[in-house]
Amino acid sequence: QVQLVESGGGLVQPGGSLRLSCAASGFIFRLYGMDWYRQAPGKQRELVARISSGGSTNYLDSVKGRFTISRDNTNRTVYLQMNSLKVEDTAVYFCRTYVGTMDYWGQGTQVTVSP
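To keep things clear, this report deals only with the structure shown in the data block. (Residues numbered from 1 in each chain as written. Predicted model: local features only at pLDDT ≥ 70, side-chain atom pairs only at ≥ 80, totals over all residues. Heavy atoms only, no water.)

## Overview of the packing of aromatic side chains
Now for step 1: This structure, assessed with the given rule, holds 4 aromatic pairs.
Now for step 2: Between F27 and Y32, the ring centres sit 5.6 Å apart and the planes meet at 80°, which makes this aromatic pair edge-to-face.
Now for step 3: By relative accessible area, which is 26% here, Y32 ends up partly exposed.
Now for step 4: Judged by centre distance (5.0 Å) and plane angle (65°), the ring pair of Y37 and W105 falls under edge-to-face. (Phe/Tyr/Trp six-rings, centres within 6.5 Å; stacked < 30°, edge-to-face > 60°. Buried < 20%, exposed > 50% of the residue type's maximum accessible area, 1.4 Å probe, protein only.)

And the structure:
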């Protein structure tokens, strides 16, 4: 079965950095694109970054130049490096992929940016 497990969240001050990881299993990882989403309490879930099977990337405008998505196909892991963090980046961050017609999500990891 498909499983996605996020880690690396925590509490940081504005301007700080975090690196999120998503460990994947249950599918041929190298053949699928991977996404990072985030959701703050009471707000819509939004796409933060996307990486294709070939390594092409796309980003939410507000994180361009600060966040970097990458993947390690050998270790079946996708990463989100977050630099210059802002208070408005506070949210639960989720890893996502789809296989066939099904969406799959990790459990989420909390990122809190506070003075």
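## A few points about the sheet that holds strand β8 (residues 77–82)
Now for step 1: One open sheet accounts for 4 strands, arranged β1-β3-β8-β7; its pairing is antiparallel. Either end of the sheet is taken by a strand with one partner, and the two such strands are β1 (3–7) and β7 (67–72). Here the strands of the sheet are splayed against their neighbours by 15° on average, with no regard to which way each runs. (Pairing = 2+ DSSP bridges. Helix = DSSP H or I, 4+ residues; strand = E, 2+ residues; numbered from the N terminus. Axes fitted to C-alpha atoms, helices over the stretch in contact; angles between N-to-C directions.)

## A few points about the state of the cysteines
Now for step 1: Summed over all chains, the structure comprises 1 disulfide.
Now for step 2: A sulfur-sulfur distance of 2.2 Å marks the disulfide that ties C22 to C95. For the disulfide bridge between C22 and C95, the dihedral angle about the S-S bond is near -80°, and by the sign convention the bridge is left-handed. Pair noted here: C22 is in strand β3 (residues 18–25) and C95 is in strand β9 (residues 91–99), with a separation of 73 residues, a long-range link.
Now for step 3: The exposure class assigned to C95 is buried, which follows from its relative accessible area of 0%. (Disulfide = S-S within 2.5 Å.)

## Concerning unusual backbone geometry
Negative phi is the rule for most residues except glycine; trans is the rule for most peptide bonds.
Now for step 1: Of note in the backbone geometry, R76 takes a positive phi value of approximately 55° without being a glycine.
Now for step 2: Looking at where R76 falls in the secondary structure, it is placed in the loop between β7 and β8.
Now for step 3: The partly exposed category is assigned to R76, whose relative accessible area is 25%.

## Some remarks on the pattern of salt bridges
Now for step 1: A complete count under the given rule lists 7 salt bridges for this structure.
Now for step 2: For R96, the salt bridge is made with D103, and the minimal N-O distance between the two is 2.9 Å.
Now for step 3: The network of salt bridges with shared partners includes D35, R50, R96 and D103. (Salt bridge = Lys/Arg side-chain N within 4 Å of Asp/Glu carboxyl O.)

## Digging into the nonpolar core
Across soluble globular proteins, you tend to see nonpolar side chains buried next to one another.
Now for step 1: Counting 27 residues, the largest nonpolar core has M34, W36, F67, V78, L80, M82 and Y93 as its most contacted members.
Now for step 2: Looking at this core, the elements that each hand over two or more residues are β3, β4 (34–39), β5 (46–51), β7, β8, β9 and β11 (109–113).
Now for step 3: No other element matches β3, which puts 4 residues into this core.
Now for step 4: Those residues in contact with L80, other than ones at most four positions away along the chain, are L18, R19, L20, W36, V48, A49, F67, T68, I69 and Y93. (Core = buried A, V, L, I, M, F, W, Y, C linked by side-chain atoms within 4.5 Å. Contact = heavy atoms within 4.5 Å.)

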